[in-house]
Amino acid sequence: MITFVKDENWMKKILFITSRNIISTCGELRLIKNRANVLKEEYGYTTDFIAYRLRKKIQNEDVGGQLTILRNPYDRLRLYSMIKQLVLSGDYNCVILSGITMNLAPYIKRMDWNCKIVLDIHGTVEEYVEFRNNTLPERLIFGFLYKHTKRVEKKVVPLADGILAVSHSLADYYKKLSKRTDIRTFIVPCAILDTISRDEYVENRKRYREKYNLLEEDQVFVYSGGASPWQCVDESVELFQRIREISGDSCKMLLFSGNKKMTGKYKGIPGIMTDSLSPDEVMETLCVGDFGIMLRGDYATNNYAFPNKFLEYVGSGLRVITTPYVYDVRDYINEFSLGFIVDLPIKSDNVNKICAEMKADYDMEDHFKRRDDLVKKCSFKETLKSFDDFIGDIR
C-alpha cells in the first residue's frame, strides 16, 4: 500500500483525464473549463488535463490548466505510461475520469488502491439507442457502443470513490449502478457565471425589442438551441402556434439557432422570426422574451440530463415552459415557481393555462429574487463545496 504524507504547503492538484471535447468550443468544454476555474479560484486546486482525442484537426482552447493532447491510437501506450508516472508521484488529490477514459479505473486502482477516482458523468449512454437509430448502420454501430459501454460501466463504476454528475437524478442512477452505499455523489450542473441584473434586463429588453421591431405589449416566446431530435423544435413551434391562435397576433416567437436548415424551415411562418447568435450575445439577447420554450420527450437521455439552456433562460429573466421529463428541471421550476410544466403531446388545458397566465399581472421583482436563489443554489461555488471537502482530505 502506498501512502503519501503531504505538508501544509503542498499544492492541491487534480488530474483530469478525458475523451470528451475539451479542445474546441462546445458545451462539454464550457462545463469542464468553468468548473476547473472555480476549483482554482475559490478552492485552490489546479488541474492538469490529459485529452485523449482521436482527431486529426485540433483547435486548441484554453481549458484553464496544463493540457496534454494524445491524438492517435499509438498514443494509447503513452497514455498508460504517463498516468502511471503521474499517479505514483503522489501529487494529486484525485483523478477525474471523463468519457471513455473511465475504463482506466481498474488500472489506476491496481497501482494505488488509495488513489481517489471520481467519474465525471454528463449523461447516460441511452442516447445511443434512443436517438441514433435512423438507419441500419447507425443501429448496428450505436447498438454495439451501447452494449459495450454498459459492460464497462458495470465493471468500472463500483471502483469509483465519487461521481460528479450534472443532475440529482443522474447521480442517483449511477449510485444505484455502483451497488455501494459509501460512494460519494456531487451534483454540479453547468452553471452560468454571470447573471443579468434587473436594470440590465430592462435595458436589454428595450434594446432587443427595438432591434426585432417588437412592441412592449407583445408577448414573446423564445426558442434558443439546435435541431437535435431530443430538443423538440417542431413541438415548440406547435405550442407557440396554438397559443397564438388563442391570444392573437401580439404573440411573437424568436427562434435562435446556428442551424441554417432549421431556421430556414420556420422562416416566414406568421409570428416567427429567426436569427443566429454568437455565444457572447445569447444571455443579453434572451432578455427580449417573456417565455423560454424548452420541451423534451420522456426518454432516459432527457430524464437524467440538465440542459445548459435552462439556466440561460432563467438567468435572462425568462419564465421557462418545459415538460416533466427532465427531472431536475421540473423540480427546480416547481420549487422556485419559475415557469410552467406542459405535457407531450401538447394538451389544450396546457395551452389555455399559459394563455391565462399571459393576461395576469406578474411580479418581475419577486421573479428576480426567486431566480437569484436558484442561480446561487446551482452556482459552481455552492455545488463544489462538498467536492472540496471530499478531495481535500489528506490520504
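Everything discussed here concerns the structure shown above.
This report concerns the structure included in the present document.

Conventions adopted
- Residues numbered from 1 in each chain as written.
- Predicted model: local features only at pLDDT ≥ 70, side-chain atom pairs only at ≥ 80, totals over all residues.
- Heavy atoms only, no water.
- Pairing = 2+ DSSP bridges.
- Helix = DSSP H or I, 4+ residues; strand = E, 2+ residues; numbered from the N terminus.
- Axes fitted to C-alpha atoms, helices over the stretch in contact; angles between N-to-C directions.
- Core = buried A, V, L, I, M, F, W, Y, C linked by side-chain atoms within 4.5 Å.
- Buried < 20%, exposed > 50% of the residue type's maximum accessible area, 1.4 Å probe, protein only.
- Contact = heavy atoms within 4.5 Å.
- Polar contact = N/O pair within 3.5 Å; in protein donor to acceptor, adjacent residues only side chain to side chain.

### Considering the sheet that holds strand S3 (residues 66–70)
Where strands meet in a sheet, backbone hydrogen bonds hold them as pairs that are either parallel or antiparallel.
Point 1. With respect to topology, seven strands assemble into an open sheet ordered S3-S2-S1-S4-S5-S6-S7, the strand pairing being parallel. The sheet terminates laterally at S3 and strand S7 (184–187), the two strands that pair on one side only. Taken pair by pair, the neighbouring strands of this sheet meet at an average axis angle of 20°, ignoring direction.
Point 2. Relative to S7, strand S6 (residues 162–165) runs parallel, the two sharing four bridges. Residue Leu164 lies in a different strand from S7, and its bridge partner there is Phe186.

### Concerning the nonpolar core
One recurring pattern in soluble globular proteins is that nonpolar side chains are buried together.
Point 1. If you look at the biggest cluster of nonpolar residues, it comprises 99 residues, and the most contacted ones within it are Leu97, Ile108, Phe310 and Phe387.
Point 2. At seven residues, the largest contribution of residues to this core is made by helix H1 (residues 27–43).
Point 3. Those residues within four positions of Phe387 in sequence are excluded, and the remaining contacts are Ile14, Leu39, Cys94, Ile96, Val118, Leu164 and Phe186.
Point 4. Core analysis: the second largest hydrophobic core is formed by 25 residues, Tyr223, Val233, Phe240 and Phe291 among them.

### What to know about the side chain of Thr322
Point 1. Tracing the backbone through its elements, the reader meets Thr322 in strand S12 (residues 319–322).
Point 2. With relative accessibility at 0%, the residue Thr322 sits in the buried group.
Point 3. Contacts of Thr322, omitting those with residues within four sequence positions, involve Met294, Leu295, Val329, Ile333, Phe340, Ile341 and Val342.

### Considerations on the side chain of Arg370
Point 1. When you line up the elements, Arg370 lands in helix H15 (residues 364–377).
Point 2. For Arg370, the side chain forms a polar contact with the main-chain oxygen of Ser337, separated by 2.4 Å.
Point 3. Within the structure, the side chain of Arg370 is placed 2.9 Å from the side chain of Asp366, a separation counted as a polar contact.
Point 4. Once residues within four sequence positions are removed from consideration, Arg370 is found in contact with Phe336, Ser337, Leu338, Tyr362 and Asp363.

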